[in-house]
Amino acid sequence: MKLLAFGKIAEIIGKQEIEIENFPNTDILVGYLQQQYPALKDLKFSIAIDKKQVSGNVSITTDAEVALLPPFSGG
Amino acid sequence: MKLLAFGKIAEIIGKQEIEIENFPNTDILVGYLQQQYPALKDLKFSIAIDKKQVSGNVSITTDAEVALLPPFSGG
Amino acid sequence: MEKKRTPKNIFVEGAISPDKIAKSIANHSSKTDIGGHSIFLGQVRADEKEEGSVVAIDYTAYQDMALQQAFEIREAIFAKYPLTCMHIYHSLGEVKTGEICLFVFTSSKHRKAAIDACEELVERIKKELPIWGKEILNNEKSKWKVNT
Amino acid sequence: MEKKRTPKNIFVEGAISPDKIAKSIANHSSKTDIGGHSIFLGQVRADEKEEGSVVAIDYTAYQDMALQQAFEIREAIFAKYPLTCMHIYHSLGEVKTGEICLFVFTSSKHRKAAIDACEELVERIKKELPIWGKEILNNEKSKWKVNT
């Protein structure tokens, strides 16, 4: 599964793109990430699956493009 | 007394500036002008005395600059 | 120190060029407390009238009164909104269809003040400045413009 | 004929130049049904932070998602307001204080639609596009920008 990271999250993870094992849904993914990168626990972020922001616990297909999005600050 | 005319009123009067006899107030001035230039009767306009728009019947000093202003259409 | 402001000329002979607008924007790059600019541009439309179609507008003004009035509007808007800068330019004489006849430019630290002030300025300029547009039609006729 | 619109690139490498803005304005002189243009420009502020003062903002984006999102916002705004044109440009990479990082441009027959659409676009761009600004401070530190 391809995981994209942006902004402060890319800094925490140290990369903008990583390959990780598949996770069935976003809740399990977030749990794994917070364990791997404890700094994520203090950070507000949202998740996009295939370029669409999702909310709540959403299932993830194996070929999905998942992205971690800190609060937007364009403009 | 100096009378300035703008826009459509300058067209009706045929000049942008005329010297006329003194009138004590705007009501009498307007009556005189409507008699001299009957086309003014069908026209909405306001009056400025010394570059300030006035409303109602206002007295006119002999050295005043009086202007006839059709509805504004700038921009 | 409170800056004492005096009436500024707002009139430009003929159309306002995009280049003038670019220069005005570029002039603000040294004001690094500005976060947002709001700009309104009035452009002459080729309206179709019963009497013919508009090819240009010829603007005249009661200039002394317009400058005094513009100054008072400026002061009121500066008092109402936390603005860094405000610029108003209006054409005199002939402006062809597709050309710019009005340029209103406000700048502030945060976008909301600039946007709200710009909109209010445009409304007040159209309503309160003694300026008249004569629409020049394609058949040598003309028609006095009416603001809605 | 209904024009089928597709996502357009909104990203510009580095600052948006006043010259680009002038060219964009000039390009509309052939559209003689336009009566008003509304423009918003975002400029990078030299904010003083506890950690240091801002000298530039370095913008990154989730580009594919941002372009798709910008396209959907465009379509919604075109459906809501009677606009003739709409243009959005946002910087990527480093933009120094005093330089322009956002350029939003709407045009319509009458001023109200252009002004309202421009304001709504700016709000939606700031809130909905996956773009991030990293404030570069004068002491080699940096700080992630927070939109208010």
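Remember, predicted model here, so these are calculated numbers, not experimental data.

What counts, and where the lines are drawn
- Residues numbered from 1 in each chain as written.
- Chains lettered and ligands numbered in written order.
- Predicted model: local features only at pLDDT ≥ 70, side-chain atom pairs only at ≥ 80, totals over all residues.
- Heavy atoms only, no water.
- Helix = DSSP H or I, 4+ residues; strand = E, 2+ residues; numbered from the N terminus.
- Rg over C-alpha atoms; globule rule 2.2 N^0.38 Å.
- Buried < 20%, exposed > 50% of the residue type's maximum accessible area, 1.4 Å probe, protein only.
- Contact = heavy atoms within 4.5 Å.
- Lys, Arg positive; Asp, Glu negative; His and termini not counted.
- Charge placed at Lys NZ, Arg CZ, Asp CG, Glu CD.
- Buried area = accessible area lost by both parts, 1.4 Å probe.
- Salt bridge = Lys/Arg side-chain N within 4 Å of Asp/Glu carboxyl O.
- Polar contact = N/O pair within 3.5 Å; in protein donor to acceptor, adjacent residues only side chain to side chain.
- Nonpolar A, V, L, I, M, F, W, Y, C, P; charged D, E, K, R; others polar.
- Pairing = 2+ DSSP bridges.
- Axes fitted to C-alpha atoms, helices over the stretch in contact; angles between N-to-C directions.
- pLDDT = per-residue confidence, 0-100.
- Least-squares fit on C-alpha atoms with pLDDT ≥ 70 in both.
- Expected span 1.5 Å × (residues − 1).

1. Details of the overall build of chain C
Alright, step 1. Each helix and strand counted, chain C has three helices and eight strands in total.
Alright, step 2. Going residue by residue from the N terminus, the α and β elements of chain C occur as β-α-β-β-β-α-β-β-α-β-β.
Alright, step 3. For 148 residues, the compact-globule formula gives about 15 Å, and the C-alpha radius of gyration of chain C, at 16 Å, lands near that figure.
Alright, step 4. Referenced to the eigenvectors of the C-alpha coordinate spread, the extents of chain C come out at roughly 55 × 30 × 25 Å.
Alright, step 5. Residues classed as buried in chain C amount to 56% of the 148 residues present.
Alright, step 6. The contacts of chain C with a sequence gap of at least 6 include a subset with a gap of at least 24, amounting to 76%.
Alright, step 7. Between the averaged position of the 22 positive side-chain charges in chain C and that of its 21 negative side-chain charges there is a distance of 6 Å.

2. Looking at the environment of His-37 of chain D
Alright, step 1. You can see His-37 of chain D is positioned in strand β2 (residues 36-43).
Alright, step 2. The class of His-37 of chain D is buried, set by a relative accessible area of 0%.
Alright, step 3. On a C-alpha basis, the gap between His-37 of chain D and Ala-22 of chain D in space is 13 Å, while along the polypeptide they are 15 residues apart.
Alright, step 4. If sequence neighbours within four positions are ignored, His-37 of chain D has contacts with Ile-39, Phe-40, Leu-41, Gln-43 and Ile-100 of chain C together with His-28, Phe-105, Thr-106, Ser-107 and Ala-114 of chain D.

3. Side note on the interface of chain C and chain D
Alright, step 1. Each partner contributes residues to the interface: chain C has 38 residues there, and chain D has 38 residues.
Alright, step 2. Considering only the surface of chain C that becomes buried against chain D, Gln-43, Arg-45 and Arg-111 of chain C emerge as the three largest contributors, covering 22% of it.
Alright, step 3. Our count for the chain C to chain D interface comes out at four salt bridges.
Alright, step 4. Ionic pairing is found between Arg-111 of chain C and Glu-123 of chain D, a salt bridge with its closest N-O pair at 2.9 Å.
Alright, step 5. Counting every contact that joins chain C to chain D gives 17 residue pairs in polar contact (both at pLDDT 80 or more).
Alright, step 6. The class makeup of the residues in the side of chain C that touches chain D is 14 nonpolar, 13 polar and eleven charged.
Alright, step 7. Relative to β2 of chain D, strand β2 (residues 36-43) of chain C runs antiparallel, the two being bridged by seven bridges. Each bridged residue has a counterpart across the sheet, and for Phe-40 of chain C the counterpart in β2 of chain D is Ser-38 of chain D.

4. Some thoughts on the interface of chain C and chain B
Alright, step 1. Taken residue by residue, the interface counts 22 residues in chain C and 18 residues in chain B.
Alright, step 2. The contact between chain C and chain B buries some 1700 Å² in all, and 57% of this surface belongs to carbon and sulfur atoms.
Alright, step 3. Of all residues in chain C, the largest losses of buried area upon contact with chain B belong to Tyr-62, Trp-132 and Trp-144 of chain C, amounting jointly to 40% of the total for that side.
Alright, step 4. Counting every contact that joins chain C to chain B gives two salt bridges.
Alright, step 5. In this structure, the salt-bridge partner of Glu-11 of chain B is Lys-134 of chain C, at a minimum N-O distance of 3.0 Å.

5. Regarding the sheet that holds strand β1 (residues 2-5) of chain B
Residue and element names in this part refer to chain B.
Alright, step 1. The five strands lie next to each other as β2-β1-β5-β3-β4, forming an open sheet whose pairing is mixed. Among the strands making up the open sheet, the edge pair consists of β2 (17-19) and β4 (52-54). Each neighbouring strand pair of the sheet contributes to a mean axis angle of 30°, computed without reference to strand direction.
Alright, step 2. Looking at chain direction, strand β3 (residues 46-49) and strand β5 (residues 65-69) are connected through four bridges and run antiparallel. Residue pairing for β5: Ser-46 is matched across the bridge by Leu-69.

6. Let's talk about the confidence of the model for chain A
Alright, step 1. Within chain A, residue pLDDT values average 96, and 100% of them lie at 70 or more.
Alright, step 2. Per-element averaging of pLDDT across chain A places strand β2 (residues 17-19) of chain A at the bottom with 93 and strand β3 (residues 46-49) of chain A at the top with 98.

7. Some thoughts on the relation of the copies chain C and chain D
Alright, step 1. Rotating chain C by 180° and translating it 0.0 Å along the rotation axis places it on chain D, where the RMSD comes to 0.0 Å. The transformation just described matches what one would write down for a two-fold rotation axis.
Alright, step 2. Of all interface residues in chain C, 100% are interface residues in chain D too; the two copies therefore contact each other through one and the same surface.

8. Some words on the pattern of salt bridges
Alright, step 1. Per the counting criterion, the structure on display carries 26 salt bridges over all chains.
Alright, step 2. Here Lys-51 of chain B makes a salt bridge to Glu-65 of chain B, at a shortest N to O gap of 3.7 Å. You can see Lys-51 of chain B sitting in the loop between β3 and β4 and its partner Glu-65 of chain B sitting in strand β5, a full 14 residues away along the chain.
Alright, step 3. Glu-72 of chain C serves as the salt-bridge partner of Lys-52 of chain B, at 2.8 Å between the closest nitrogen and oxygen. Here Lys-52 of chain B is found in strand β4, whereas its partner Glu-72 of chain C is found in helix α2 (residues 63-80) on a different chain.
Alright, step 4. Overall, the relative accessible area of 38% leaves Lys-52 of chain B in the partly exposed class.
Alright, step 5. A relative accessible area of 32% means that Glu-72 of chain C is categorised as partly exposed.
Alright, step 6. Three or more residues are tied together by salt bridges with common partners; here these are Lys-2, Glu-17, Lys-51 and Glu-65 of chain A.

9. A few points about helix α3 (residues 111-128) of chain D
Alright, step 1. Under the 1.5 Å per step criterion, the end-to-end length of α3 of chain D is 25 Å for 18 residues, consistent within 8% with the ideal 26 Å.
Alright, step 2. Arg-111, Ala-113, Ala-114, Ile-115, Ala-117, Cys-118, Leu-121, Val-122, Ile-125 and Lys-126 of chain D are the residues of α3 of chain D that are buried.
Alright, step 3. Elements that come into contact with the buried residues of α3 of chain D comprise β2 and α3 (111-128) of chain C together with β2, α2 (63-80), β5 (83-96) and β6 (100-108) of chain D.

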